[in-house]
Amino acid sequence: MQQMILDVDTGIDDALALMLAVRHPGVNLRAVTCVAGNASLEQVVRNTLTVLDAAGAGDVPVAAGANRPLLADAHPAAHVHGVDGLADLGLPASTRQVVPLHAVELLRREILASPTPVTLVPLAPMTNIALLVRTYPEVLANVERIVFMGGSASVGNATAVAEFNTWHDPEAAEIVLTAGVPITMYGLDVFYAVTIAPAEIATLAASAEAGAQLTGRLLQHLVTVKGGEVRVAGDGHGDIGDAGAVCAAIDPVGLTTVHVPVRVSLADPLTRGQTVVDHRTAGHEQDGAADNSSRRIDVALGVDGARYARLFVETITR
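Let me begin by describing the structure that accompanies this report. All values derive from a computational prediction rather than experimental measurement.

1. Re the overall build of the protein
Part 1 of the reasoning: Helices and strands together make up the secondary structure of the protein, namely twelve helices and eleven strands.
Part 2 of the reasoning: Taking 2.2 N^0.38 as the reference for a compact globule, 318 residues should give roughly 20 Å; the C-alpha atoms of the protein span a radius of gyration of 18 Å, in line with that estimate.
Part 3 of the reasoning: Overall, the C-alpha framework of the protein stretches about 60 × 45 × 35 Å when taken along its three principal axes.
Part 4 of the reasoning: Residue pairs at least 24 apart in sequence account for 82% of intrachain contacts in the protein once pairs closer than 6 positions are excluded.
Part 5 of the reasoning: For the protein, the accessible surface area stands at approximately 12,300 Å², while carbon and sulfur atoms represent 55% of it.

Shown next as structure tokens:
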């Protein structure tokens, strides 16, 4: 059983990821931690609890964390996710309660208590994870891998070169990328490549089962989203976004990666938040060559979209 913790800013595609992690039979979702990003921290917590209800989750502990990036201001993404972060569907509030711990404390508790090393899946700005790394670095000994949704080896979406999660808190991303544990970057190069067909979306949305229905309705919203993000090709397919990173954590065979040095741009306002992926072959690096080995992570450049789409739908409807 894979021990997994999700760090989220729920968000539509975070909701899809939560649904997948809760329902996959090979995953023990130990905890969910919340951070400001797609929506305010208060809204993210509310959304997370609501989605766990719809997913039929058991007693999964949830904690609130950072309500803003380490240095910058928060920048919610209502133009993509709706004012409430969940497509403004008017979903009922959950009666679940968060645990009386900060997200960093819950992360520490659950990682150290896990019988086997944990797969940590940040799907949001990595503020909570950076605080964990700096406050309790000893927990990293029981982290098998970090699979994060963020970054890009090509173009951006928040800016011309920066992906939203790394742009929202680039200092946090830089801290995590140099944490010294195995890391997989599931970025924009693969983010939009796992899509669900229109007929499957319609079937999910028409389901009498709460989790499948919510999944379908959220995907329907993503199909219609415009406003700076080109999420679909106009053919009615909806991408699963962040849930693809959970697929990659569950089934890494479906991902094609390169093991290369990555830096996060911090100072230049034009490139702030860009993940600078060094594709040069070993021995040809110039500046910073001495520390390149410690900066190498697995960057996803290709994905078996059909494989992950099948994994997603079969898990949601199982």
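Back to the write-up after that little detour.
2. Observations regarding the environment of H237
Part 1 of the reasoning: Structurally, H237 can be placed in the loop between α10 (210-224) and β8 (238-239).
Part 2 of the reasoning: Overall, H237 belongs to the partly exposed group, its relative accessible area being 25%.
Part 3 of the reasoning: Distance from H237 to D88, taken between C-alpha atoms, is 21 Å for residues 149 residues apart in sequence.

3. Remarks on the pattern of salt bridges
Part 1 of the reasoning: The full count for this structure, using the stated rule, is twelve salt bridges.
Part 2 of the reasoning: One salt bridge connects R46 with E42, and the closest N-O pair in it is separated by 3.3 Å. Within this pair, R46 and its partner E42 are both found in helix α2 (residues 41-55), separated by four residues, close to a single helical turn.
Part 3 of the reasoning: Relative accessible area serves as the criterion here: at 35%, R46 is assigned to the partly exposed category.
Part 4 of the reasoning: Residue classification places E42 among the exposed residues on the basis of a relative accessible area of 59%.

4. Description of the nonpolar core
Part 1 of the reasoning: Core analysis: the biggest nonpolar cluster contains 63 residues, and M4, L6, L123, I240, V246 and F312 have the highest contact counts within it.
Part 2 of the reasoning: The contacts of L123, once residues within four sequence positions are left out, are L6, D7, V8, D9, D14, A17, M149, N165, D242, A245 and V246.

5. Observations concerning the pairing of strand β1 (residues 2-8)
Part 1 of the reasoning: Judged by how many residues are buried, β1 sits mostly within the fold: six of seven residues are covered.
Part 2 of the reasoning: With seven bridges connecting them, β1 and strand β2 (residues 27-34) associate as parallel partners. Looking at β2, one finds that V8 is bridged to C34.
Part 3 of the reasoning: In this structure, β1 lies alongside strand β4 (residues 118-122), joined through four bridges in parallel fashion. Paired with I5 across the strands is L120, a residue of β4.

6. A look at the sheet that holds β2
Part 1 of the reasoning: Pairing within the open sheet is mixed, and its nine strands lie in the order β3-β2-β1-β4-β5-β6-β11-β9-β10. Lying at the two open borders of the sheet, with one neighbouring strand each, are β3 (62-64) and β10 (275-277). When strand polarity is set aside, the average angle formed by the axes of neighbouring strands in this sheet is 30 degrees.
Part 2 of the reasoning: Lying over the sheet, helix α1 (residues 12-23) contacts β1 and β2, oriented at roughly 165 degrees with respect to β1.
Part 3 of the reasoning: The strands touched by helix α7 (residues 170-177) within the sheet are β5 (143-149), β6 (183-186), β9 (255-264) and β11 (296-303), with β9 carrying the most contacts at an inclination of about 115 degrees.

7. Here's the deal with the packing of aromatic side chains
Part 1 of the reasoning: One pass over the structure, following the stated rule, counts two aromatic pairs.
Part 2 of the reasoning: Measuring from centroid to centroid gives 6.0 Å for F164 and W167, while their planes differ by 45 degrees, and the two rings are tilted. With F164 and W167 both in helix α6 (residues 164-168) and three residues apart, the pair spans about one turn of that helix.
Part 3 of the reasoning: The buried category is assigned to F164, whose relative accessible area is 12%.

About the cut-offs
Residues numbered from 1 in each chain as written. Predicted model: local features only at pLDDT ≥ 70, side-chain atom pairs only at ≥ 80, totals over all residues. Heavy atoms only, no water. Helix = DSSP H or I, 4+ residues; strand = E, 2+ residues; numbered from the N terminus. Rg over C-alpha atoms; globule rule 2.2 N^0.38 Å. Contact = heavy atoms within 4.5 Å. Areas by Shrake-Rupley, 256 points an atom, 1.4 Å probe, with all protein chains shown as cover. Buried < 20%, exposed > 50% of the residue type's maximum accessible area, 1.4 Å probe, protein only. Salt bridge = Lys/Arg side-chain N within 4 Å of Asp/Glu carboxyl O. Core = buried A, V, L, I, M, F, W, Y, C linked by side-chain atoms within 4.5 Å. Pairing = 2+ DSSP bridges. Axes fitted to C-alpha atoms, helices over the stretch in contact; angles between N-to-C directions. Phe/Tyr/Trp six-rings, centres within 6.5 Å; stacked < 30°, edge-to-face > 60°.

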